[in-house]
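Structural characterization, general
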Amino acid sequence: MSADLKKLPKVDDALKNQLEGFTPEKLKRATTAEKTALPTKEELAAEKQHEELLHNIEGFPCNKLKRTSTSERIVLPTSEDVEKEKQELQHLKAVEGFNAANLKHAQTQEKVVLPNQEDIQTEKTHQSIFQGVQGFDKTNMRHTETQEKVALPAKEDIETERRHLKLVAGVEKFDKSTMRPTETSEKCSLPTPTDIETERRHLKLVAGVEKFDRSTMRPTETSEKCSLPTPQDIETERTHQSLFQGLEKFDKLSMKSTDTVEKIVLPTTEDIKTEKEQQALRAGIEGFDASVLKKTETQEKNPLPTKEEIEQEKKA
């Protein structure tokens, strides 16, 4: 035991004394400065587009919608699906009708795996380190003083903050009278010749399926195949049964007691910075003043179809 303690690393006496003489009263009080990130120009534009979209949806006249008829399509199973279903039924029948008397009796051998030399050496090292930590002499530690450093913002951060404040001030003091009304033109796209041709083919196919004459079909006989398990499947089942029996008959008394060391992983500087940025962004969105948004008027235009589109619609 004493030989193992001598091999452990020793702490410097100065560091040990500093740790022993440390008191919380020597810490300096620091104030936390909270920064609220205002929304950017892209976020304001996205919010405007969202408000315009909601306004257009609420004021949309439903009487302009045209009534359409829904055609129901019945998808018949393909030959691959039918063949797959037949194979599944054959497998189920083969498993249900399998004769268990054809199986051979097997004896299970139990094996107890002892720890190897590396595991024993690792356990010894862990116990020696744990005992060294418990018997560590704190009187050898030295007292140290902690210096607090206040990181001032860089020149680029100050310039970015100034630009952001100027942008927000410009948005708040923007003169709405300089804006001009805009008109929105809506286009009603007619189906292309390819879409019309595809729809015709589909209707012909549905009509052919509905009017199909079943008397032209010939009766067929289904042959059932009973597939027995392969030697690989039997060997896999034997291995599984032996493993399961070994687990049921396992002797818990042969297990050794171990100590669990819990490690608490603290967040990194990048994680803390990312969390602060997310909180600042969330606070800026929650405290955003919707009164600075501008109101726009949307004018709808219904373009008339061209001569070619009318001709295609007549042909369809």
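Before reading on, note that the structure itself is shown above.
Residues numbered from 1 in each chain as written. Predicted model: local features only at pLDDT ≥ 70, side-chain atom pairs only at ≥ 80, totals over all residues. Heavy atoms only, no water.

This part is about the overall build of the protein. If you tally the helices and strands in the protein, you get ten helices and three strands. When the helices and strands of the protein are placed in sequence order, the string is α-α-α-α-α-β-α-β-α-α-α-β-α. The long-range share in the protein, meaning contacts at least 24 apart out of those at least 6 apart in sequence, stands at 100%. Put simply, the protein shows about 30800 Å² of open surface, and 55% of that area lies on carbon and sulfur atoms. (Helix = DSSP H or I, 4+ residues; strand = E, 2+ residues; numbered from the N terminus. Contact = heavy atoms within 4.5 Å. Areas by Shrake-Rupley, 256 points an atom, 1.4 Å probe, with all protein chains shown as cover.)

For the rest of this paragraph, the subject is the environment of F130. Turning to its location among the elements, F130 is positioned in helix α5 (residues 117-134). Note: C-alpha distance between F130 and K84 (46 residues apart in sequence) is 62 Å.

Within the structure shown, the criterion is met by two salt bridges. A salt bridge links R201 to E197; the shortest N-O distance between them is 3.8 Å. You can see R201 and its partner E197 sitting in helix α7 (residues 193-210), four residues apart, about one turn around the helix. (Salt bridge = Lys/Arg side-chain N within 4 Å of Asp/Glu carboxyl O.)

Within the element layout of this structure, A106 appears in the loop between α4 (79-96) and α5. Here the alpha-carbon distance between A106 and S242, two residues 136 residues apart in the chain, equals 9.7 Å.

Here the focus is the side chain of H164. Within the secondary structure, H164 is located in helix α6 (residues 155-172). Note on H164: relative accessible area 16%, which makes it buried. Those residues in contact with H164 that sit more than four places away from it in its chain are L38 and P39. (Buried < 20%, exposed > 50% of the residue type's maximum accessible area, 1.4 Å probe, protein only.)

Attention now moves to the environment of L293. Considering the arrangement of structural elements, one finds L293 in the loop between α9 (269-286) and β3 (298-301). For L293, a relative accessible area of 17% gives the class buried. Each residue touching L293, except ones within four places of it in the same chain, is listed here: E47, K48, E51, K176 and F288.

This part takes up a nonpolar patch on the surface. There is a patch of nonpolar side chains on the surface, built from I74, L76, L205 and V209 and spanning about 450 Å² of accessible area. Relative to the elements of secondary structure, I74 occurs in the loop between α3 (41-58) and α4. Of the residues examined, I74 reaches a relative accessible area of 77% and is grouped as exposed. (Patch = residues over 30% accessible without salt bridge, like charges linked within 9 Å, V, L, I, M, F, W, Y side chains within 5 Å.)

Let us look at the side chain of S128. By the element assignment, S128 lies in helix α5. For S128, the side chain forms a polar contact with the main-chain oxygen of T125, separated by 2.7 Å. (Polar contact = N/O pair within 3.5 Å; in protein donor to acceptor, adjacent residues only side chain to side chain.)

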